[in-house]
Amino acid sequence: STDGGRNLSLDSILMGLPMSDPTAWATAMNNLGMAPMGMTGQPLLPDFDPALGMMTGIPPINPMMPGLGIVPPPIPPDMPAVKEIIHCKSCTLFPPNPHLPPPATRERPPGCKTVFVGGLPENGTEQIIMEVFEQCGEVIAIRKSKKNFCHIRFAEEFMVDKALYLSGYRIRLGSSTDKKDTGRLHVDFAQARDDLYEWECKQRMLAREERHRRRLAEERFRPPSPPPVVHYSDHECSVVAEKLKDDTKFSEAIQTLLTWIERGEVNRRTANNFYSMIQSANSHIRRLVNEKVAHEKEMEEAKEKFKLALSGILVQFEQIVAVYHSASKQKAWDHFTKAQRKNISVWCKQAEEIRNIHNDELMGIRREEEMEMSDEEIEDPSEMKETEESALVSQVEALKEENDSLRWQLDAYRNEVELLKQEQGKASRDEDTTKEQQMKLLQQALQGMQKHLLKIQEEYKKREAELEKVKEDKLKIETLLENLKEQESSMSRVCACSQEKECPVEKTLSNSPVKSEREVLLVGIISTFLHVHPFGASIEYICSYLQRLDSKICTAEVEVLMTRLQNTFRQELSGVGASLEKRWKFCGFDGLKMT
């Protein structure tokens with residue numbers, strides 16, 4: 001084909017170039033928008049413009065890019081880069097097939113200045129590697145391995161991008177075709193500790209500079225420090241006392257007075273002066289209170305003006321809506337054109353929406369005023385009922401107003417339905433479907449409004465019933481208060497009599513051997529335990545059983561209680577000699593007969 005012939009002729013022409021021909025390298029560098037560099041690092045074209053590359057669409061590399069890990073934008077996938085043959089002194093680089101996908105690379109590490117180069121010829125030396133890659137920039141170090149790969153560290157980050165351009169090139173040493181003298185280069189990013197350390201140092205330096213800039217900006221915008229307070233003296237005291245009497249200089253003088261008191265300037269000699277200054281400061285309280293009252297009065301007047309203006313606006317809105325409704329009636333409606341009717345209906349809806357918004361705003365202001373009035377009242381039971389009544393009355397009024405607004409909206413919807421019914425007979429068949437849909441929507445809206453009206457009426461009835469209940473409760477509470485007052489006098493007499501009766505009962509309880517309910521429980525448990533053991537049990541055995549129930553029980557307490565109740569428990573000796581043992585037995589049945 002013609003394309004194949006062109007490629008062969010181009011390769012043959014480029015193969016005929018001398019080994020050190022700089023124009024091929026300059027052409028390859030120009031394709032990427034880079035300034036062409038010679039073998040010694042000098043620019044081949046001193047007047048080179050990076051924006052004038054052979055390939056349009058590839059953004060030129062900015063020479064200010066090195067550092068901060070900035071990477072040039074990628075080449076668009078639909079714009080394949082045309083790579084040329086590169087001739088060096090000891091080797092030749094042949095470009096890869098342009099139709100093949102670009103070689104894969106790993107993710108770029110931060111601050112990367114090191115590249116991995118694989119696919120080197122077996123006979124390749126560090127001098128040849130330096131000869132190929134020093135065109136990309138200053139090479140700091142080359143670490144070559146015995147397995148045909150190496151790592152190259154450059155001086156700047158943008159040089160790595162130039163080195164990646166050579167990935168995929170086939171390298172041939174001299175004119176040899178031996179396998180040991182050929183290879184396919186694979187250039188990729190490499191992760192090196194030195195690069196990461198330098199990048200982190202640079203980031204820390206940038207962070208320090210940023211903190212320094214922020215600190216300077218904060219110091220620039222920091223408000224100036226207040227002027228120093230003068231030291232106390234009799235002259236300064238008289239000056240501050242005069243300033244305290246002046247309303248315009250009061251804030252400055254009160255700050256000076258506060259600083260003197262905190263410094264400890266008050267002593268026996270200066271106490272009278274400080275007292276007079278504090279007294280003059282106290283005289284300003286009435287002025288400040290009066291100013292506050294005046295401001296509150298102005299605010300109330302402004303609120304009243306706003307309410308009056310808003311109510312006037314609402315009246316005008318009602319008049320405008322009434323004009324729209326009267327214009328929508330049949331007498332005037334038939335004389336308007338279709339476009340005029342449409343505009344009137346749209347205007348009517350807009351006016352109703354704005355009127356409803358302003359009405360809600362006015363109602364909100366009234367509710368806030370009612371809440372403020374209720375907070376100011378004293379929290380007595382009777383007054384709480386009154387506030388509840390007023391809240392219910394206000395809610396009923398709000399429901400009435402909402403009911404009226406809903407009725408107005410219902411009238412507007414009914415007028416629209418009537419107009420649609422009238423127009424339905426006159427309209428053509430093409431408009432029947434749209435009008436039927438509008439009728440359905442309006443009917444649904446009417447049904448929803450009617451349901452809402454019913455709910456509001458039910459709520460209104462409930463509120464009225466609650467009002468009646470509150471009134472009944474108020475009457476009941478008043479009667480209960482009177483009954484309670486009468487019962488208090490009678491209860492005082494009953495308590496005096498009951499105290500006289502309780503005295504002999506307490507005396508009888510104090511004479512009994514069992515002094516508390518806990519001892520009664522212990523007597524019952526011990527009696528049950530000894531009834532199960534008819535031959536008796538030792539005091540240690542009884543206490544071990546009781547301590548399972550309550551660990552606080554001690555042996556002395558139990559033994560004292562049992563010796564106190566001689567008609568219920570009896571102590572006997574059993575055994576002979578060394579096996580002599582004291583045992584307690586239950587004798588409650590015999591003691592009952594004796595008592």
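Residues numbered from 1 in each chain as written. Predicted model: local features only at pLDDT ≥ 70, side-chain atom pairs only at ≥ 80, totals over all residues. Heavy atoms only, no water.

1. Observations regarding the overall build of the protein
Moving on, step 1. Within the protein one finds 17 helices and 10 strands.
Moving on, step 2. Long-range pairs, those at least 24 residues apart, make up 66% of the contacts in the protein between residues at least 6 apart in sequence.
Moving on, step 3. Carbon together with sulfur atoms contributes 56% to the accessible area of the protein, which is approximately 40900 Å² in total. (Helix = DSSP H or I, 4+ residues; strand = E, 2+ residues; numbered from the N terminus. Contact = heavy atoms within 4.5 Å. Areas by Shrake-Rupley, 256 points an atom, 1.4 Å probe, with all protein chains shown as cover.)

2. Quick notes on a negative patch on the surface
Moving on, step 1. On the surface, Asp360, Glu402, Glu458 and Glu459 cluster together into a patch of negative charge.
Moving on, step 2. Examined against the element boundaries, Glu459 turns out to sit in helix α13 (residues 432-511). (Patch = residues over 30% accessible without salt bridge, like charges linked within 9 Å, V, L, I, M, F, W, Y side chains within 5 Å. Salt bridge = Lys/Arg side-chain N within 4 Å of Asp/Glu carboxyl O. Lys, Arg positive; Asp, Glu negative; His and termini not counted. Charge placed at Lys NZ, Arg CZ, Asp CG, Glu CD.)

3. Observations regarding the UniProt feature "coiled-coil region" (unreviewed entry) in the protein
Moving on, step 1. Those places that UniProt annotates as "coiled-coil region" (unreviewed entry) correspond, in this numbering, to residues 278-305 and 396-490.
Moving on, step 2. In this annotation, residues 278-305 is assigned 96% helix and 0% strand; the end-to-end C-alpha distance for the span is 41 Å. (UniProt positions renumbered as here; feature names shortened; annotations may be inferred.)

4. What about the packing of aromatic side chains?
The way to describe two aromatic rings as a pair is by their centre distance and the angle between their planes.
Moving on, step 1. Applying the stated criterion to the full structure yields nine aromatic pairs.
Moving on, step 2. Consider the rings of Tyr165 and Tyr169, whose centres lie 6.2 Å apart with planes at 50 degrees: the pair is tilted. With respect to burial, Tyr165 and Tyr169 carry one shared label: buried.
Moving on, step 3. Centroid distance Trp260 to Phe274: 6.5 Å. Interplanar angle 80 degrees. Geometry classified as edge-to-face. Taken together, the residues span a long stretch of sequence, with Trp260 in helix α7 (residues 250-263) and Phe274 in helix α8 (residues 271-282) at a distance of 14 residues. (Phe/Tyr/Trp six-rings, centres within 6.5 Å; stacked < 30°, edge-to-face > 60°. Buried < 20%, exposed > 50% of the residue type's maximum accessible area, 1.4 Å probe, protein only.)

5. Here's the deal with the pattern of salt bridges
Moving on, step 1. Applying the stated criterion to the full structure yields 20 salt bridges.
Moving on, step 2. Glu252 is the salt-bridge partner of Lys243, the closest N and O atoms lying 3.4 Å from each other.
Moving on, step 3. With a closest N to O distance of 3.6 Å, Arg463 and Glu466 form a salt bridge. You can see Arg463 and its partner Glu466 sitting in helix α13, three residues apart, about one turn around the helix.

6. Some details on a positive patch on the surface
Moving on, step 1. A contiguous patch of positive charge, built from Arg204, Arg208, Arg211 and Arg215, is present on the exposed surface.
Moving on, step 2. With respect to the helices and strands, Arg211 occurs in helix α5 (residues 193-221).
Moving on, step 3. Relative accessible area serves as the criterion here: at 46%, Arg211 is assigned to the partly exposed category.

7. Some details on helix α14 (residues 517-532)
What sets the pattern is the α-helix's 3.6 residues per turn: residues three or four places apart point alike.
Moving on, step 1. The end-to-end C-alpha separation of α14 is 23 Å, in line with the 22 Å expected for 16 residues at 1.5 Å each.
Moving on, step 2. Among all positions in α14, only Glu519, Leu522, Val523, Ile526, Ser527, Phe529 and Leu530 are buried. Burial along α14 is one-sided: seen end-on, the buried residues are contained in an arc of 165 degrees. In α14, the exposed positions that point more than 90 degrees away from the buried face belong to Glu517, Leu521, Thr528, His531 and Val532.
Moving on, step 3. Next to the buried residues of α14 lie α15 (539-549), α16 (555-564), β9 (569-574) and β10 (581-586). (Expected span 1.5 Å × (residues − 1). Arc of directions from axis to C-beta.)

8. Looking at the packing of helix α6 (residues 234-245) against α7
Moving on, step 1. Where α6 contacts α7, the axes come no closer than 8 Å and their chain directions differ by 135 degrees. For the element pair α6 / α7, the angle class is oblique. Helix-helix and strand crossings are classified by hand; for α6 and α7 the assignment is left-handed. The segment α6 lies against α7, with Glu236, Cys237, Val240, Lys243 and Leu244 engaging Phe250, Glu252, Ala253, Ile254, Thr256, Leu257 and Trp260. (Axes fitted to C-alpha atoms, helices over the stretch in contact; angles between N-to-C directions. Parallel < 35°, antiparallel > 145°, perpendicular 65-115°, else oblique. Left-handed = near helix turned anticlockwise from the far one by under 90°.)

9. Considerations on the packing of α14 against α16
Moving on, step 1. Closest axis-to-axis distance for the α14/α16 pair is 11 Å, and the angle between their directions is 80 degrees. Accordingly, the angle class assigned to the pair α14 and α16 is roughly perpendicular. Of α16, the residues touching α14 (which contributes Arg518, Glu519, Leu522, Val523, Ile526 and Leu530) are Glu557, Val558, Leu561, Met562 and Arg564.
Moving on, step 2. Looking at the contact of α14 with α16 residue by residue, the classes come out as seven nonpolar, no polar and four charged. (Nonpolar A, V, L, I, M, F, W, Y, C, P; charged D, E, K, R; others polar.)

10. Notes on the sheet that holds strand β4 (residues 139-144)
Moving on, step 1. Read across the sheet, four strands follow the order β4-β5-β3-β8 without closing on themselves; strand pairing throughout is antiparallel. The two strands at the open ends of the sheet, each matched to only one other strand, are β4 and β8 (186-189). Neighbour-to-neighbour, the strand axes of the sheet open up by a mean angle of 20 degrees, direction not taken into account.
Moving on, step 2. Bridge count between β4 and strand β5 (residues 149-154): five bridges; the pairing is antiparallel. Bridging from a neighbouring strand, Arg143 pairs with His151 of β5.
Moving on, step 3. Along the sheet, helix α3 (residues 126-133) makes contact with β3 (114-118), β4, β5 and β8, crossing β4 at roughly 140 degrees. (Pairing = 2+ DSSP bridges.)

11. A word on the nonpolar core
Moving on, step 1. The biggest cluster of nonpolar side chains holds 31 residues, and the ones touching the most others in it are Leu93, Val115, Val117, Phe133, Ile152, Phe154 and Leu166.
Moving on, step 2. Those elements that provide at least two residues to this core are β2 (91-94), β3, α3, β4, β5, α4 (158-164), β6 (170-173) and β8.
Moving on, step 3. What Ile152 contacts, discounting residues up to four positions off in sequence, is Lys113, Thr114, Val115, Val117, Ile129, Phe133, Val139, Ala141 and Ile142.
Moving on, step 4. Core analysis: the next-biggest nonpolar cluster, separate from the first, contains 17 residues, Leu522, Ile539, Leu565 and Trp584 among them. (Core = buried A, V, L, I, M, F, W, Y, C linked by side-chain atoms within 4.5 Å.)

12. Some words on the confidence of the model for the protein
Moving on, step 1. On average, the protein scores 79 in pLDDT, and the residues at 70 or more come to 79%.
Moving on, step 2. Counting interchain partners and residues more than four positions distant, the pLDDT-below-50 stretch residues 1-21 has 16 contacts. (pLDDT = per-residue confidence, 0-100.)

13. What about the side chain of Glu352?
Moving on, step 1. By secondary structure assignment, the location of Glu352 is in helix α11 (residues 338-376).
Moving on, step 2. No salt bridge is formed by the buried Glu352; its nearest oppositely charged neighbour, Arg355, is found at 5.1 Å.
Moving on, step 3. Beyond its immediate stretch of four places on either side in the chain, Glu352 contacts Val321, His325 and Ala412.

14. Looking at the side chain of Thr270
Moving on, step 1. Take Thr270: it is sitting in the loop between α7 and α8.
Moving on, step 2. Overall, the relative accessible area of 1% leaves Thr270 in the buried class.
Moving on, step 3. Of note is the side chain of Thr270, whose polar atom sits 2.8 Å from the side chain of Asn267. (Polar contact = N/O pair within 3.5 Å; in protein donor to acceptor, adjacent residues only side chain to side chain.)

15. A few points about a nonpolar patch on the surface
Moving on, step 1. A contiguous nonpolar patch, built from Ile261, Val266 and Ile278 and spanning about 230 Å² of accessible area, is present on the exposed surface.
Moving on, step 2. Within the secondary structure, Val266 is located in the loop between α7 and α8.

16. As for the sheet that holds strand β1 (residues 86-87)
Moving on, step 1. Taken in spatial order, the four strands line up as β1-β2-β6-β7 in an open sheet, and their pairing is antiparallel. Two strands in the sheet have a free side with no partner beyond their single neighbour: β1 and β7 (182-184).
Moving on, step 2. By the bridge criterion, four bridges tie β2 to β6 in an arrangement that is antiparallel. The residue of β6 that forms the bridge with Cys91 is Leu173.

17. Comments concerning the environment of Phe189
Moving on, step 1. For Phe189, the position within the fold is in strand β8.
Moving on, step 2. For the pair Phe189 and Cys112, spaced 77 residues apart in the sequence, the C-alpha separation amounts to 7.1 Å.
Moving on, step 3. If we ignore the near neighbours within four places in the chain, the residues touching Phe189 are Thr105, Arg106, Arg108, Pro109, Cys112, Thr114, Val160 and Leu164.

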